[in-house]
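Reading the structure
Here are the chains, one letter per residue:
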Amino acid sequence: MAVLSSDHLKSVVFNTNVYENKEPLRRYQGATVQSYEYESMRSRDAVGIPYGNCHTTLLTLRLKNYDESIAKFYLNAMRKTSPEEISLLFNVTFDQYGEIKEYEDSFVARGYVVETEEMFASDNKNDSMKQLQIKMLLSRITYGEETSASVLIMSND
């Protein structure tokens, strides 16, 4: 089992919607995000104001320090015909019990997992490092909690 050793991480992904989940999230339930990328595209009028729904795009995540249950989640999600929701939290701090103490920012992505790839590498000490790359066809991104006044929802639903 991979262990997240730091009490402060730049970016962590959880396989749930943190805005709707009322149970405390623990360190072992998440994975460290090595990198992520996506494009958000919307139609614009003649003045440049965006309108309408977002165009479908891919979210690519590269994870490290993850438990096998997280890899199984994404593999099973590829077989489903319903969308999944994942949460990315930024500048996360955990308390002494491994629960999230605070985080700076977040977004929830909703979509269909279309590809997973597990990669293994070795360093000079013969220690194995594994990474999981996930590609998700996005249908919705929510920035900020849905109950707050500053929520931004980009959707093509």
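Numbers given for residues are sequential positions, taken from 1 along each chain in its written order. Residues qualify for local features only when their pLDDT is at least 70, as the model is predicted, and side-chain atom pairs are given and counted only at 80 or more; totals for whole chains, interfaces and linings, by contrast, use all residues. Side-chain calculation: all heavy atoms of the structure are included, whereas hydrogens and water are not.

Attention now moves to the nonpolar core. Note that soluble globular proteins tend to have their nonpolar side chains buried in a common cluster. Counting 22 residues, the largest nonpolar core has V13, L61, L63, Y74, I86 and L88 as the members making the most contacts within it. Helix and strand definitions follow DSSP, with helices as H or I runs of at least four residues and strands as E runs of at least two, each counted in order from the N terminus. Where this core is concerned, the elements lending two or more residues are β2 (30-37), β5 (58-64), α1 (68-79), β6 (84-94), β8 (105-122) and β9 (128-143). Broken down by element, this core gets its largest block of residues, five residues, from β9. Contacts are assigned to residue pairs that have any heavy atoms within 4.5 Å of one another. Excluding anything up to four places from it in sequence, V13 contacts Q29, G30, A31, V33, L61, L63, Y74, I86, S87 and L88. Among buried residues, the Ala, Val, Leu, Ile, Met, Phe, Trp, Tyr and Cys ones that are joined through side-chain atoms within 4.5 Å form a nonpolar core. For the exposure calls, accessible area comes from a 1.4 Å probe over protein chains only, and a residue counts as buried if that area is under 20% of its type's maximum, exposed if over 50%, partly exposed in between. Membership of the second largest hydrophobic core comes to nine residues, among which are V18, Y19, L25 and F94.

So, on to the packing of aromatic side chains. A pair of aromatic rings is counted whenever rings of Phe, Tyr or Trp (Trp by its six-membered ring) have centres within 6.5 Å, and the orientation is called stacked for planes under 30 degrees apart, edge-to-face for over 60 and tilted otherwise. Taken as a whole, this structure holds seven aromatic pairs when the rule is applied. Ring geometry for F90 against F107: centres 6.0 Å apart, planes inclined by 35°, an arrangement best described as tilted. On the criterion of sequence distance, the pair formed by F90 in strand β6 and F107 in strand β8 is long-range, its members being 17 residues apart. Geometrically, the ring pair formed by F107 and Y143 is tilted, given 5.7 Å between the ring centres and 45° between the ring planes. Remark: Y143 occurs in strand β9 and F107 occurs in strand β8; sequence separation between them is 36 residues. Owing to a relative accessible area of 3%, F107 belongs among the buried residues under this scheme. The exposure class assigned to Y143 is partly exposed, which follows from its relative accessible area of 22%.

Before going further, it helps to examine a nonpolar patch on the surface. On the surface, a nonpolar cluster with roughly 310 Å² of combined accessible area is contributed by L58, Y112, V114 and L137. Within the secondary structure layout, L137 lies in strand β9. Candidate patch residues must exceed 30% relative accessible area and have no salt bridge, after which like charges are joined if within 9 Å and Val, Leu, Ile, Met, Phe, Trp or Tyr side chains if within 5 Å. Note on areas: Shrake-Rupley with a 1.4 Å probe; residue coverage comes only from the protein chains shown. The salt bridge definition used is simple: a Lys or Arg side-chain nitrogen within 4 Å of an Asp or Glu carboxyl oxygen.

With that settled, consider the pairing of β6. Burial within β6 is extensive, with 10 of its 11 residues counted as buried. Here the rule is simple: two strands pair whenever DSSP picks up at least two bridges between them. Strand direction decides the pairing type here: β6 and strand β7 (residues 100-102), joined by two bridges, are antiparallel. Across the sheet, residue T93 finds its bridge partner in β7, namely E102. Following β6, the chain reverses through five residues before pairing antiparallel with β7; G98 in that reversal takes a positive phi of roughly 85°.

On to the confidence of the model for the protein chain. As a per-residue measure, pLDDT reflects the predictor's confidence and takes values from 0 up to 100. Confidence in the prediction of the protein chain, expressed as mean pLDDT, is 81, and 81% of residues score 70 or more. Counted against residues more than four places away or in other chains, residues 1-7, with its pLDDT under 50, gives 17 contacts. This model gives residues 146-151 a pLDDT under 50, and the stretch forms 11 contacts once residues within four places in sequence are excluded.

Across all of its chains, the model carries three salt bridges by this definition. A salt bridge links E68 to K130; its shortest N-O distance comes to 2.4 Å. Of this pair, E68 sits in helix α1 while K130 sits in strand β9, placing them 62 residues apart in sequence. In this structure, E84 engages K80 in a salt bridge whose closest nitrogen and oxygen atoms are separated by 2.8 Å.

Our next topic: the side chain of E84. You can see E84 is positioned in strand β6. Judged by its relative accessible area of 11%, E84 falls in the buried class. Reaching out from E84, the side chain makes a polar contact with the side chain of K80 at a distance of 2.8 Å. Nitrogen and oxygen atoms within 3.5 Å of one another constitute a polar contact, given that in protein one can donate a hydrogen and the other can accept it, and given that sequence-neighbouring residues count only through two side-chain atoms.

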